[in-house]
Amino acid sequence: MDYVSLSLFDLSMAALLIFINGGLSIALGLGLERTLFINTARMLIQLSAIGFVLKFIFAQTGPWWTIGWAFIMLAVAGYEILARQSYRLKGMKAYGLGTVTLMFVGFICTGFAIGFLIQPDPWYAPRYVLPILGMILGNTMTGIALGMETLSVSIKQSQAVIEERLSLGAPRFQALKAHIKQALKAGMMPIINSMAASGIVSLPGMMTGQIIAGVDPIDATKYQVMIMFLIAGGTALGTIAGVMGTALLLTDERHRLRVERLKQ
Amino acid sequence: MFEIIDLQNEIFRPVSLSLKKGQSLIIKGASGSGKTRFLRALADLDPSKGNVLLDGVERSMMPAFEWRKKVRFVPASSHWWHERVGLHFDRNKTDLLKWMEALDLPEKLLQWPVEDLSTGEKQRLSFLRAIQDQPKVLLLDEPTSALDGQSIARMELMIESELNRGAIILLVSHSPKQIEKYGAISLTFKSGKARLTSDEKEIS
């Protein structure tokens, strides 16, 4: 594979664009320059760090470094779900539900892709496992977070209506049906929409990367399609598990609504 | 027979009483004293300790939604989830039109969007919605709070006919007339503590 490697000089030239951006913010009084600077620095540090971490892991033999890093990714993605909730369940359940769902979905989908589809040698080859797991976790995380957020907010707002349905003899899942449906839709719409737009407006990131790295466009397409299927499947599974889990945790075995288990 | 044995939660102290078929009980007390929370606990909408039995069967012996089909809580302000009023009712099963006439509600209201109903119409319709599957116990939280004189009289007739069919009714009310009519037994809440009186005599 051949591609043009970037020098530090190239990167600093590209960074000029950020300075222009910052200059505009100051000139127009947008007040964004501070956030812009901090987030640029974060991006720089995080990406450089990940570059070195991946370089190190790729150089290791044996699966443990790959597996270990996979768990770190999982823990961070689980926290990200939590951070996106306006209302959280009290206690460890808030973190537990999102993270366990992600683990279940991320490992099933990645395992499926690695074990049956790609079958790299060795099986744990980090350069396949980690990017694929990352893409699945990143997208599934968005679906789960949106689904859980939509459900908990709509339950909180519609508490009285739901309790009226319970009073009239509806089991908990029947009383919550409209809310669950709405939450599942919210979680799944982004990936469904992005499938429709991909390829026309922009090339998906992975495909772009492979093409620049010199991979044949048809081969790059095949990878991208596989990833899209994995992501769509993973997001659907994850959203269902996250939303149903939230519905269960916000009710109890006596079919009561337990909104007090949420805190802002 | 509706038996309440040492029912309590963090809002109200233990309450025990029993009511026979067709009997009513008035619940009195200032707002915030625990009346509504007591009714909610009876319908098992809020967690509580103690026991409640209907015709000798403990509520824990059946799923909560079965219990609520028999022991029905009707809140002071009603909530609706379908767009049209009529969708909340099962018209084959009940004497709905007859009841609507008795409460002076024209049939055409069933076609209306819920948001076009007045507060009083909502309150009367929510009562009908609650009795359409003929629950054995009715827990009514101020069922006439949004009604004018004439509608109150019609609602009281309706409550009367529910008692005659054998329903047991627990009624939160501030109206002296209703207290006199249904309050042979009454439960007065004062900051979470309930006092039970029967014909003006304290019994516990």
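Residues numbered from 1 in each chain as written. Chains lettered and ligands numbered in written order. Predicted model: local features only at pLDDT ≥ 70, side-chain atom pairs only at ≥ 80, totals over all residues.

Caption draft 1: Quick peek at the overall build of chain A. Assigned secondary structure in chain A consists of 10 helices and 2 strands. Walking chain A from its N terminus toward its C terminus, one meets helices and strands in the order α-α-α-β-α-α-α-α-α-α-α-β. Expressed along its principal axes, the backbone C-alpha trace of chain A runs to roughly 70 × 55 × 35 Å. For chain A, buried positions account for 32% of its 264 residues. (Helix = DSSP H or I, 4+ residues; strand = E, 2+ residues; numbered from the N terminus. Buried ≥ 20, exposed ≤ 12 C-beta atoms within 10 Å, placed from the backbone.)

Caption draft 2: A look at the interface of chain A and chain B. Of the residues lining the interface, 14 residues belong to chain A; the matching set on chain B comes to 16 residues. Taken together, the residues of the side of chain A that touches chain B break down into 6 nonpolar, 3 polar and 5 charged. (Contact = placed C-beta atoms within 7 Å. Nonpolar A, V, L, I, M, F, W, Y, C, P; charged D, E, K, R; others polar.)

Caption draft 3: Summary view of the pairing of strand β9 (residues 185-190) of chain B. Residues and elements named next belong to chain B. Bridge analysis of strand β3 (residues 24-29) against β9 gives 4 bridges, and the strand direction is parallel. Paired with G29 across the strands is F189, a residue of β9. Here β9 pairs with strand β10 (residues 193-198) via 6 bridges, running antiparallel. In the strand pairing of β10, T188 is matched with R195. (Pairing = 2+ DSSP bridges.)

Caption draft 4: Quick peek at the nonpolar core. Within the largest apolar cluster, 83 residues are counted, with the highest numbers of intra-cluster contacts made by I27(B), L139(B), I169(B) and L171(B). Looking at this core, the element that brings in the most residues is helix α5 (residues 126-157) of chain A, giving 14 residues. I169(B) has contacts with S24(B), L138(B), L140(B), I159(B), E162(B), L163(B) and Y182(B), leaving out every residue within four places of it along the chain. (Core = buried A, V, L, I, M, F, W, Y, C linked by C-beta atoms within 7 Å.)

Caption draft 5: Just the domain arrangement of chain A, in detail. Residues and elements named next belong to chain A. Domain boundaries in chain A define domain 1 (1-59) and domain 2 (62-263). Here the C-alpha centre of domain 2 lies 28 Å away from the C-alpha centre of domain 1. Each partner contributes to the interface: domain 1 provides 6 residues, whereas domain 2 provides 9 residues. In the side of domain 1 that touches domain 2, the residues fall into 5 nonpolar, no polar and 1 charged. (Domains from an automatic or database assignment.)

Caption draft 6: Highlighting unusual backbone geometry. Cis geometry marks the peptide bond from D121(A) to P122(A), where omega comes out at 0°. Secondary-structure assignment places P122(A) in the loop between α4 (93-118) and α5. Of note, the phi angle at D44(B) is positive, near 65°, even though the residue is not glycine. Locating D44(B) in the fold gives a position in the loop between α1 (35-42) and β4 (49-54).

Caption draft 7: Up close: the confidence of the model for chain B. With 97% of its residues at a pLDDT of 70 or more, chain B has an overall mean of 93. Of all the helices and strands in chain B, strand β11 (residues 201-202) of chain B carries the lowest mean pLDDT, 68, while strand β6 (residues 71-74) of chain B carries the highest, 98. (pLDDT = per-residue confidence, 0-100.)

Caption draft 8: Inspection of the packing of α5(A) against helix α10 (residues 217-249) of chain A at higher detail. Residues and elements named next belong to chain A. Contact pair α5 / α10: the axes reach a minimum separation of 8 Å and the direction vectors enclose 30°. As the angle between them shows, α5 and α10 are arranged roughly parallel. Judged by the twist between their axes, the crossing of α5 over α10 is right-handed. Residues M135, I136, N139, T140, G143, I144, G147, M148, L151 and S152 of α5 form the contact with α10, whose participating residues are I227, L230, I231, G234, T235, G238, T239, G242, V243, T246 and A247. A per-class count over the contact of α5 with α10 returns 10 nonpolar, 11 polar and no charged. (Axes fitted to C-alpha atoms, helices over the stretch in contact; angles between N-to-C directions. Parallel < 35°, antiparallel > 145°, perpendicular 65-115°, else oblique. Left-handed = near helix turned anticlockwise from the far one by under 90°.)

Caption draft 9: Quick peek at the environment of G120(B). Residues and elements named next belong to chain B. With respect to the element layout, G120 can be found in helix α4 (residues 119-131). By C-beta crowding, G120 is classed as partly exposed, having 19 other C-beta atoms within 10 Å. In the structure, G120 is positioned 35 residues away from V85 in sequence and 14 Å away in space, judged by C-alpha atoms.

Caption draft 10: Spatial organisation of the sheet that holds strand β1 (residues 2-8) of chain B. Residues and elements named next belong to chain B. With antiparallel pairing, 4 strands are arranged side by side in an open sheet as β2-β1-β4-β5. Two strands close off the open sheet at either side, each with one partner strand: β2 (15-19) and β5 (57-58). The sheet contact formed by β1 and β2 spans 4 bridges and is antiparallel. Each residue of the ladder has a partner; that of E3, found in β2, is S18.

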